[in-house]
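Here are the chains, one letter per residue:
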Amino acid sequence: MIFVDACFGKETEYTPVWMMRQAGRYLPEYMEVRRKVGNFLDMTRNPEVVAEVTIQPIDILDVDAAILFSDILNLPMEMGLPLRFEKGVGPIFDKTIDTEEDIEALDSSADEKLEYVYKGVKLIRERLSEEKALIGFAGSPWTIATYMVEGRGSKQYAKIKKMVYSNPMMLHRLLAFNTKVTIEYLSKQIEAGANAVMVFDSWGGALEKEKFFEFSWNYMKEIAKNIKEKYPHIPVILFSKGVGLYMDEMDGEFDVIGIDWATPIDYALRIFKDNYTLQGNMEPTRLYSKSATKEAVEKIAGVMKGHRHIFNLGHGILPDVPVENAKYFVNLCKKITRK
Ligand code: CP3
């Protein structure tokens, strides 16, 4: 698999490419399935639908890796926090973590309730062609904690940051709990057939540097270390958003680091050299324009030439991007880097 080879820094014929949120609303084929099923969460709980939607971007765009169709919030949902998605708001937990008792009440066997995910992984792996990798994933302990504590996406993160500074022990308890269950969850995805795993830390950048390492990165490193110990042949990808200036102290036992669009990739390369494969990082909004896409792909390919790289966007694709432009991006990344 070209994707797995690139994760480990092996020579590849061209630089492999995929897109964050590649299974989603910009694809008419996805919208069709979503109309039939009715709601997003029900889609994630149906292995047949999970398999179908995961494979769509492979068939339509010919990306080199499929990413499991699910959500980072299925795990806290199965810990016992009912989840709903509201139009215009996003994910909402009506019950939140406020006390030590709330942490105690969380279900530590949540990973066992996610059988629908593992069934989906098995189906995908059966149907996916051999040269395409399947990426499993989870949210970082910190990022899922922000939703568990705040109840929804937040601008200020006032509630969880109050915990950072006034009740750090309690927050560490929650993060340690999330970490343990996440290791089990990712292990089960690997056992079911995932070829790589990625940890999404979308809200790492909400923390100042010292607190980022203490409350987010250290737990991600722990997940990576555990997975690498058990599954050395499975690449581990870590992605924290909004932490470009913290990268000089980011290290650990993982293979690939996701670079967000706000971090210049030449800067990331100066820091990480070829110790890890860099994944990213075109500004996703460039996909509205082919010429803007071309400009960025050429620039990124130029910087990363001869170095460990996987092409991707610097965050998720937006719902109203023309499919044709997404295809253009994928083809161009391959063409421009082909040896
Ligand atoms: O990348 C992929 O295609 C794989 C599937 C995937 C989804 N969510 C599907 C999804 C992955 C890897 C995620 C991760 C995720 N979910 C993150 C981390 C990555 C990031 O984007 O920073 C976060 C923070 C979430 C939580 C979440 N789920 C949000 C904020 C939303 C958006 C709500 C909205 O109205 O846009 C979701 C919903 C969601 N997750 C959708 C998809 C395809 C949209 C569902 C739909 O409307 O059909």
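Everything numeric in this text was worked out from a predicted model, so none of it was measured. (Residues numbered from 1 in each chain as written. Predicted model: local features only at pLDDT ≥ 70, side-chain atom pairs only at ≥ 80, totals over all residues. Heavy atoms only, no water.)

Asker: Which parts of the structure should I look at to understand the overall build of the protein?
Answerer: In terms of regular secondary structure, the protein is built from 14 helices and 9 strands. Computed over its C-alpha atoms, the radius of gyration of the protein comes to 19 Å, within 12% of the 20 Å expected for a compact globule of 339 residues. With the C-alpha coordinates aligned to their principal axes, the bounding extent of the protein is approximately 55 × 45 × 40 Å. Put simply, the protein has 339 residues, and 59% of those count as buried. In the protein, the proportion of contacts linking residues at least 24 apart, taken out of those at least 6 apart, comes to 73%. As displayed, the protein has an accessible area near 14200 Å², and 50% of this comes from carbon and sulfur atoms. Taking the average location of the 44 positive side-chain charges in the protein and that of its 49 negative ones, the two points are 4 Å from each other. (Helix = DSSP H or I, 4+ residues; strand = E, 2+ residues; numbered from the N terminus. Rg over C-alpha atoms; globule rule 2.2 N^0.38 Å. Buried < 20%, exposed > 50% of the residue type's maximum accessible area, 1.4 Å probe, protein only. Contact = heavy atoms within 4.5 Å. Areas by Shrake-Rupley, 256 points an atom, 1.4 Å probe, with all protein chains shown as cover. Lys, Arg positive; Asp, Glu negative; His and termini not counted. Charge placed at Lys NZ, Arg CZ, Asp CG, Glu CD.)

Asker: Would you take a moment to explain the side chain of Lys-211 for this structure?
Answerer: When you line up the elements, Lys-211 lands in helix α11 (residues 209-230). Dropping the residues within four chain positions of it, Lys-211 is found in contact with Val-164, Tyr-165 and Ser-216.

Asker: I'm lost on the layout of surface pockets in this one. Help?
Answerer: Picture a little ball the size of a water molecule; that probe, rolled over the atoms, points out where space is still empty. The computed volume of the largest pocket comes to approximately 1400 Å³. Around the largest pocket sit 42 residues that line it, and Arg-21, Arg-25, Phe-40, Asp-71 and Phe-85 are the ones nearest its centre. Contributing elements (two or more residues each) for the lining of the largest pocket: α2 (28-37), α3 (40-44), β2 (83-86), β3 (90-93) and α8 (141-150). If one sorts the elements of the lining of the largest pocket by residue count, α2 sits on top with 3 residues. The residue makeup of the lining of the largest pocket, split by class, is 23 nonpolar, 12 polar and 7 charged. Reported here for the second largest pocket is a volume of approximately 420 Å³. Residue lining of the second largest pocket: 17 residues in total, with Thr-15, Met-304, Gly-306, His-307 and Lys-339 positioned closest to the centre. Counting residues per element, the ones that place at least two in the lining of the second largest pocket are α13 (290-304) and α14 (323-337). Among the elements that take part in the lining of the second largest pocket, α13 stands out by supplying 3 residues, more than any other. (1 Å grid on protein atoms, 1.4 Å probe; cavity = no way out; pocket = protein on both sides within 12 Å on 5 of 7 lines; lining within 4 Å. Points joined across faces, edges and corners; volume = space filled by probe spheres on them. Nonpolar A, V, L, I, M, F, W, Y, C, P; charged D, E, K, R; others polar.)

Asker: Help me understand the sheet that holds strand β8 (residues 277-282), please; the structure alone is not making it clear to me.
Answerer: Two modes of strand pairing occur in sheets, parallel and antiparallel, and in both the strands are linked by backbone hydrogen bonds. Taken in spatial order, the 7 strands make up an open sheet running β1-β4-β5-β6-β7-β8-β9, and their pairing is parallel. This sheet does not close on itself; its edge strands, each paired only once, are β1 (65-67) and β9 (309-313). Across this sheet, the average inter-strand angle for adjacent strands is 25°, counted without regard to direction. When strand β4 (residues 133-139) meets strand β5 (residues 196-201), the two strands line up parallel, connected through 5 bridges. Note that in β5 the partner of Phe-137 across the bridge is Met-198. Against the sheet, helix α12 (residues 265-272) engages β7 (256-258), β8 and β9, with an angle of about 165° to β8. (Pairing = 2+ DSSP bridges. Axes fitted to C-alpha atoms, helices over the stretch in contact; angles between N-to-C directions.)

Asker: Sorry if this is basic, but what is going on with the nonpolar core here?
Answerer: One recurring pattern in soluble globular proteins: nonpolar side chains tend to sit buried together. With 129 residues, the main nonpolar core has Phe-3, Trp-18 and Phe-329 as its most contacted residues. Looking at this core, the element that brings in the most residues is helix α10 (residues 168-192), giving 11 residues. (Core = buried A, V, L, I, M, F, W, Y, C linked by side-chain atoms within 4.5 Å.)

Asker: Looking at this structure, I do not really get the state of the cysteines. What am I missing?
Answerer: Per the stated rule, a full pass over the model turns up 0 disulfides. Cys-7 takes part in no disulfide bond, and the closest cysteine sulfur to it belongs to Cys-333, at a distance of 15 Å. Cys-7 sits in the buried class, given a relative accessible area of 0%. (Disulfide = S-S within 2.5 Å.)

Asker: I keep staring at the side chain of Asp-201 and nothing clicks. Help me out?
Answerer: Its location among the elements puts Asp-201 in strand β5. Among buried charged residues, Asp-201 stands out as having no salt bridge; its nearest opposite-charge side chain is Lys-241, 11 Å away. Setting aside its immediate chain neighbours within four residues, Asp-201 contacts Ser-140, Trp-142, Thr-143, Phe-212, Ser-216, Met-220, Phe-239, Ser-240 and Lys-241. (Salt bridge = Lys/Arg side-chain N within 4 Å of Asp/Glu carboxyl O.)

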